[in-house]
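What follows is each chain in one-letter form.
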Amino acid sequence: MSDMITFDRLGKTYGDFAAVRDLELGIARGEVFGFLGPNGAGKTTTIRMMMGILVPTSGRATIDGLDCQTERVELKRRVGYLPDNPMFYDYLRGREILAFVGEMHGQPRDEAQKRAAALLDELALNDASEEYAVNYSTGMKKKLGLACALIHDPAVLILDEPTNGLDPRAAREVQERLRLAAAQGKTVFLSTHLLNMAERLCSRVGIIHRGELVAVGALDALQDKVVPGGSLEEVFLKVTQPDEDRSEQA
Amino acid sequence: MTGAVSASRAAWLLTRLRLRRQLNQMESIWRFRTGSSGRTGTGRASSGLMILGGLVALSMLGSFTSLAYQSIANMQAELGSVVVPGDAPAGGDTERSGDAPGAPPSLQPIAAEPGGVIPRGVAQGATLAVMLLLAAALLIAVGNREITRPEWDLEWLVTLPLPLSTLVLSKLVERVITNHTAFLILAPFLSVLAWTCGYRWMAPVLGLAFTLVLLVLVGTAQILIDTGLRLALPPPQLRNLQAAMSIVSMFPLLLVMSMALPARSFVFAWAGALPDAAAWFPTGLAVRALAAADARSLALLFAMMTGQVALLSAAGVALVRWQLRHGVVAAGMREAVARRPQPPRPAGMGEPLAAWTPLSAVQRRELRLLGRDRNFLAQTLLLPAVIVGMQIFLNVRSNIFVGAMEHPANLAAIAFLLLAYTLAFSAFQTLNAEGQALWILYCVPHSLESILRQKTQLWAAVAAVYPVTIFAIAIALAGGISLPFIGCAAIVLAGVPIFAVIATALGVFGCDPLAQEVQRRLRVTYLYLYMMLASLYAYAIYASDVWQRIALMILTMLVAIALWQKARDRFDYLLDPSAAPPPQVSVSDGLIAALLFFVLQAIVALALMGRAKILTANQMWVAFCLAGAATYIVMRLVYWRVRPAGVPRMLDGPVGPALLWGAAGGVAASLAGLAYIEVVAALDLFPAAQRAGVKTTAALPWLAAVAIVAAPVFEEFIFRGLIFRGLERSFGVTLAAVASAGIFAIVHPPVAVIPVFAMGLVAAAVYHRARMLIAPIVVHALYNAAVIGFQWNAMKWLQ
């Protein structure tokens, strides 16, 4: 079965600085893939290239066989995206923004509103749905962003640091929702630097360091290979050591 | 534990930080030009856009300076002299300096100081003007920022061990340095005033110095208003207030501009009524200083003014400190409070607006935002009416609907002006208005272009309400309709889609989505460019010749298409901080080449004409060839340097088939052209032009040979190679062929328009088939040969 998401020598260079180098990766359908890496490793750049926000300087990324750059419009029907720091319009309520996104995905008005109401209910945003989105706290904004990513029931979810800045309860709610999505057969690509969440949610992880993929594989396989008997944290720390100490990497 | 930092040292450090930031900004621009390394998080404009921005800024400076010059000249005529009947100067008002117009202004002792160099009336007028300009600068500055949030770095700086007054002072310094609009408003006027008072090379320096001091005043007032209002009012009221202020800010500016008009403005009467105390305000002191007769009193008055401003600023800073005594950031102020939450509506009810209108989701959202954001509403709908209303009030002072049918030009111009302003405030903002929420548009299965197109359509429809209403009223009042009226109205209504597209495209250029504070306000340079284009188009309303009107309309349409194409190329890279669209041949290249060609031709023709009044055909052709060759060489050089994609090539592969296509096309076009000549001769449609054309070619046959060799090369390069190619890339073959042939036809004399249009279509088709320039060149050459040969032959036969 062909992969859902593929990176084919994907690269992005800002001037002389290579943010992402020659990324090669394949993610199968229904997989929950964790994209780990230290800050500044290139996670957000990769995700933005997948969403067509940035143009890759080399290589390509495809989702469900569609090129992320040239077949962007068709691709958006199948993908739901949650950015790192979602900003919303002032003067629009959360409910209205969500219904707008639903309508933009082709749903008729009343269906979009029904779905919006249901999602807001599910994510416990009901009380805030009549507020203007600009007044929301960070956690509420993330949840609204997640709702925007889920409203059109996409096959692929791309999430950039989904629990960054959330309090424990909100983080738990988000993780439960993601688990539910995975159980429904969606492919989830999430980037994070929170290792315990990755351990709990992901079936496979990839660790990116300075723009290169330094480790990829299922959790236990990775642990056996790199640090036998060690936790994901130890794997991560070993694999993302600064350059001078990178002599004996697996 | 380090010691405490003194207040003055803290102030110095903060100022140094601000200056370093400015320096880094300029450095990043410089480094971009010479190729940079390193990752940048800040957006960059392409060098082409920066050159354009620089040119526009220069022309803005020029027009403000000429405005200032005109106002002061008017002041001198109106307030600085009296009309003397006969010989004796009129008795009576010795208050105002009396001299016959044309005589130099007299010296007039002013109170207890040594003499000045301008009459008292002029000084009063200048003081009033400076006061109005200051008020305008302040109101515009206040309206320019998001007033409901404190500046983003205020929260951070407050955590440093700084006394509050130092913080406020550094904010003041920053405001003074970065207030470019106020600078542009004040500096030209003060410099021209200094120049009028006799300073020559010192005039700009003095103007700058005085502007800086007065800007401190503006900055203080701005901080006071910003902070005080922010802490006192809830955000919704603030927004309303800001909307009101942006409307009111137009008045002082328009009043000052009215001083520059030829008609006597009532503002001059106000100048006379200015109280004496006004001479002791900083503005009055500035004018008196510039008008001082010797350097000592200049220095003295300047020092007095600076002292006053320093005092006022200190008082302002103290007041701001008192305002901020409870904390710098007002806690708990709710943004944009919604109405009381309503009980959840049953699903399916939706909004009433959505029920019956065929608007798309994006358009409905825009309308909803328009309804809720008072500032936006006021700027989009009210401000244009205010601006134009004021201008009518100041200039025309009469009923604009009178005589609308016989002389519709003025009414049509007013309608067009309203349209242009409304679009400037709405369509310009299509990308800006997304602000930081632009990412949402990247998540939906619609291209950014289609979304912006929908927004443009909406704003075009909204803006069209004004001209349509005006025309309806005019028709109703006149009770009938006339042909000239229909012509003018058609031009204005055709301008609706054209300028909606231009406004959106320019708005995309002026928007930097990666900026810290995405400005919801207008970028002044692009607004100015937009206004220049609008005034060019308005010329079409006043043109008497139908062909001129059509030519201008088609030209503006092409400019709109070129701008939209450039904007479209930029969409992929909007959120990318370091990449720019790869260079490609676009329609704008063709337009620039055509413009260059015409300008060079005019210059060379003028040079050759020398003292003679008329241009011989000989000189005309020489100018043509020189201009054509120069344009061709310049464009080829630029393309060789930049290497964009899609450069038109002369030869590109097997020549044989291309020549065949060219020959076939040439024959077809020639036959059509000859048939047209026969028809025109038989029906005698263009008698005068025909005879003129025949005379030219009969006199100089060898130049006609040049027309067969030189003209096709240059013209095909520009119109088929650049314009057709550029259009084809984005808009498809048919539209490209029609548009390029249309613009090609429009630059020929009316008698030749139709056959040249047909030839243009054929040439475009041939070029599309053969993909090398030699083919349409052959078409063009054959056509020219056939037409000229036929006419020459006919002439000889007649002789």
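Residues numbered from 1 in each chain as written. Chains lettered and ligands numbered in written order. Predicted model: local features only at pLDDT ≥ 70, side-chain atom pairs only at ≥ 80, totals over all residues. Heavy atoms only, no water.

All right, on to the overall build of chain A then. Within chain A one finds 9 helices and 10 strands. Summarising its shape, the C-alpha atoms of chain A cover approximately 60 × 40 × 35 Å along the three principal directions. The buried share of chain A, taken over its 250 residues, is 56%. If the 30 positive side-chain charges of chain A are averaged to one point and the 37 negative ones to another, these points end up 3 Å apart. (Helix = DSSP H or I, 4+ residues; strand = E, 2+ residues; numbered from the N terminus. Buried < 20%, exposed > 50% of the residue type's maximum accessible area, 1.4 Å probe, protein only. Lys, Arg positive; Asp, Glu negative; His and termini not counted. Charge placed at Lys NZ, Arg CZ, Asp CG, Glu CD.)

Here the focus is the overall build of chain B. If you tally the helices and strands in chain B, you get 28 helices and 0 strands. The buried share among the 799 residues of chain B stands at 47%. Excluding contacts between residues fewer than 6 apart, the proportion of contacts in chain B whose partners are at least 24 apart in sequence is 79%. Surface accessibility of chain B: about 37800 Å² in total, with carbon and sulfur atoms responsible for 69%. (Contact = heavy atoms within 4.5 Å. Areas by Shrake-Rupley, 256 points an atom, 1.4 Å probe, with all protein chains shown as cover.)

All names here are of chain B. Taking 1.5 Å of rise per residue, 17 residues should cover 24 Å, and helix 6 (residues 180–196) covers 24 Å from first to last C-alpha, within 8% of that figure. Most of helix 6 sits out of view: 12 of its 17 residues are buried. The set of residues buried in helix 6 consists of Ala182, Leu184, Ile185, Leu186, Ala187, Pro188, Phe189, Leu190, Ser191, Val192, Leu193 and Ala194. (Expected span 1.5 Å × (residues − 1).)

This part is about the confidence of the model for chain B. All names here are of chain B. Chain-level pLDDT for chain B is 78 on average; 80% of the residues reach the 70-or-more range. The low-confidence segment residues 107–114 (pLDDT under 50) makes 11 contacts with residues lying over four places distant or belonging to another chain. Ignoring residues within four places in sequence, the model shows residues 344–350, a span with pLDDT below 50, making 5 contacts including any to other chains. Our summary of model confidence lists the complex with pTM equal to 0.76 and ipTM equal to 0.74. (pLDDT = per-residue confidence, 0-100.)

So, on to the sheet that holds strand 9 (residues 204–209) of chain A. Residue and element names in this part refer to chain A. Strand order in the open sheet formed by 6 strands is 6-7-8-3-9-10, and the pairing between neighbours is mixed. Looking at which strands have only one partner, the edges of the open sheet turn out to be strand 6 (79–82) and strand 10 (212–218). Ignoring strand direction, the axes of neighbouring strands in this sheet form an average angle of 15 degrees. One ladder, built from 5 bridges, connects strand 3 (residues 32–36) with strand 8 (residues 187–192); its direction is parallel. Of the residues in strand 8, the one forming a bridge with Leu36 is Thr192. (Pairing = 2+ DSSP bridges. Axes fitted to C-alpha atoms, helices over the stretch in contact; angles between N-to-C directions.)

Structurally, Gly628 of chain B can be placed in helix 22 (residues 617–642). In this structure the C-alpha to C-alpha distance between Gly628 of chain B and Ile718 of chain B, which are 90 residues apart in sequence, comes to 9.5 Å.

Under the criterion given, the structure shown has 27 salt bridges over all chains. Here Arg93 of chain A ties to Glu96 of chain A by a salt bridge, and the two come within 3.1 Å at their closest N and O atoms. Considered together, Arg93 of chain A and Glu96 of chain A belong to a single accessibility category, that of buried residues. With a closest N to O distance of 2.7 Å, Arg372 of chain B and Glu96 of chain A form a salt bridge. Pair noted here: Arg372 of chain B is in helix 14 (residues 361–372) and Glu96 of chain A is in helix 3 (residues 94–104), and the two residues belong to different chains. The class for Glu96 of chain A is buried, based on a relative accessible area of 8%. A network of salt bridges, in which partner residues are shared, links Arg29, Asp64, Glu74, Arg77 and Arg78 of chain A. (Salt bridge = Lys/Arg side-chain N within 4 Å of Asp/Glu carboxyl O.)

This paragraph deals with a nonpolar patch on the surface. On the surface, Ile51, Leu55, Leu58 and Leu61 of chain B cluster together into a nonpolar patch covering about 410 Å² of accessible area. Structurally, the position occupied by Leu61 of chain B is in helix 2 (residues 47–79). (Patch = residues over 30% accessible without salt bridge, like charges linked within 9 Å, V, L, I, M, F, W, Y side chains within 5 Å.)

What follows deals with helix 23 (residues 655–683) of chain B. Residue and element names in this part refer to chain B. The first and last C-alpha atoms of helix 23 sit 41 Å apart over 29 residues, in line with the 42 Å expected at 1.5 Å per residue. Here helix 23 has its buried residues at Ala658, Gly662, Gly665, Gly666, Ala669, Ser670, Gly673, Tyr676, Ile677 and Val680. Asp684, located one to two residues past helix 23, shows a positive phi value of around 55 degrees.

Turning to the sheet that holds strand 2 (residues 17–27) of chain A, a few remarks are in order. Residues and elements named next belong to chain A. Spatially, 4 strands are ordered 2-1-4-5 in an open sheet, and the strand pairing comes out antiparallel. Only two strands of the sheet have a single neighbouring strand rather than two, namely strand 2 and strand 5 (66–67). Of the pairings in the sheet, the one linking strand 4 (residues 58–63) to strand 5 comprises 2 bridges and is antiparallel in character. Across the sheet, the residue bridging to Ile63 is Leu66, located in strand 5.

Let us now look at the environment of Ala18 of chain A. Structurally, Ala18 of chain A is set in strand 2. Not counting the four nearest positions on each side in its chain, Ala18 of chain A is found in contact with Lys12 and Thr13 of chain A.

Turning next to the nonpolar core. Grouped together as the largest cluster of nonpolar side chains are 234 residues, with contacts concentrated most on Ile158 and Phe189 of chain A together with Phe499 and Tyr530 of chain B. Leaving out residues up to four positions away in the same chain, Tyr530 of chain B has contacts with Ala420, Leu423, Ala424, Phe428, Phe499, Ile502, Ala503 and Leu506 of chain B. In terms of nonpolar packing, the next biggest core, distinct from the first, is built from 48 residues, Ala593, Ala594, Phe719 and Ala736 of chain B among them. (Core = buried A, V, L, I, M, F, W, Y, C linked by side-chain atoms within 4.5 Å.)

As a further point, take unusual backbone geometry. Residue and element names in this part refer to chain A. The backbone of Arg9 shows a phi angle near 50 degrees, a positive value even though the residue is not glycine. As for its placement among the helices and strands, Arg9 is situated in strand 1 (residues 5–14). On the basis of relative accessible area, Arg9 is assigned to the partly exposed category, the value being 47%.

The next point concerns the packing of helix 16 (residues 409–426) of chain B against helix 17 (residues 448–478) of chain B. All names here are of chain B. Between helix 16 and helix 17, whose axes approach to 9 Å, the crossing angle comes to 160 degrees. Accordingly, the angle class assigned to the pair helix 16 and helix 17 is roughly antiparallel. Helix-helix and strand crossings are classified by hand; for helix 16 and helix 17 the assignment is right-handed. The residues of helix 17 that touch helix 16, namely those facing Leu411, Ala412, Ile414, Ala415, Leu418, Leu419, Thr422, Leu423 and Ser426, are Trp459, Ala460, Ala463, Ala464, Tyr466, Pro467, Ile470, Phe471 and Ala474. Taken together, the residues of the contact of helix 16 with helix 17 break down into 16 nonpolar, 2 polar and no charged. (Parallel < 35°, antiparallel > 145°, perpendicular 65-115°, else oblique. Left-handed = near helix turned anticlockwise from the far one by under 90°. Nonpolar A, V, L, I, M, F, W, Y, C, P; charged D, E, K, R; others polar.)

Moving on: the side chain of Thr127 of chain B. Residues and elements named next belong to chain B. Inspection of the secondary structure assignment puts Thr127 in helix 3 (residues 120–144). Note on Thr127: relative accessible area 6%, which makes it buried. Each residue touching Thr127, except ones within four places of it in the same chain, is listed here: Leu274, Ala278, Thr283, Gly284 and Val287.

All names here are of chain A. Side chains Val79 and Tyr81 project from strand 6 onto one buried face, and the interleaved Gly80 and Leu82 project onto a second face that is buried too. In this sheet, strand 7 (residues 156–160) lies alongside strand 6 in parallel orientation, the contact comprising 4 bridges. Following the sheet pairing, Gly80 is matched in strand 7 by Leu157.

To continue, consider the packing of aromatic side chains. All names here are of chain B. Under the definition given, this model contains 20 aromatic pairs over all chains. Between Phe210 and Phe302, the ring centres sit 5.0 Å apart and the planes meet at 75 degrees, which makes this aromatic pair edge-to-face. Placement of Phe210 in helix 7 (residues 202–232) and of Phe302 in helix 12 (residues 295–323) is noted, with a sequence separation of 92 residues between them. Residue Phe210 is classed as buried on the basis of its relative accessible area, which comes to 1%. Aromatic side chains Phe597 and Phe624 sit 5.4 Å apart centroid to centroid with 80 degrees between the ring planes, which places their arrangement in the edge-to-face category. Residue Phe597 is found in helix 21 (residues 587–609), and its partner Phe624 is found in helix 22; the two are separated by 27 residues along the sequence. Of the two residues, Phe597 and Phe624, neither departs from the other in class, the shared state being buried. Site record: aromatic cluster; members linked through ring pairs are Phe416, Phe428, Phe499, Tyr530 and Tyr537. (Phe/Tyr/Trp six-rings, centres within 6.5 Å; stacked < 30°, edge-to-face > 60°.)

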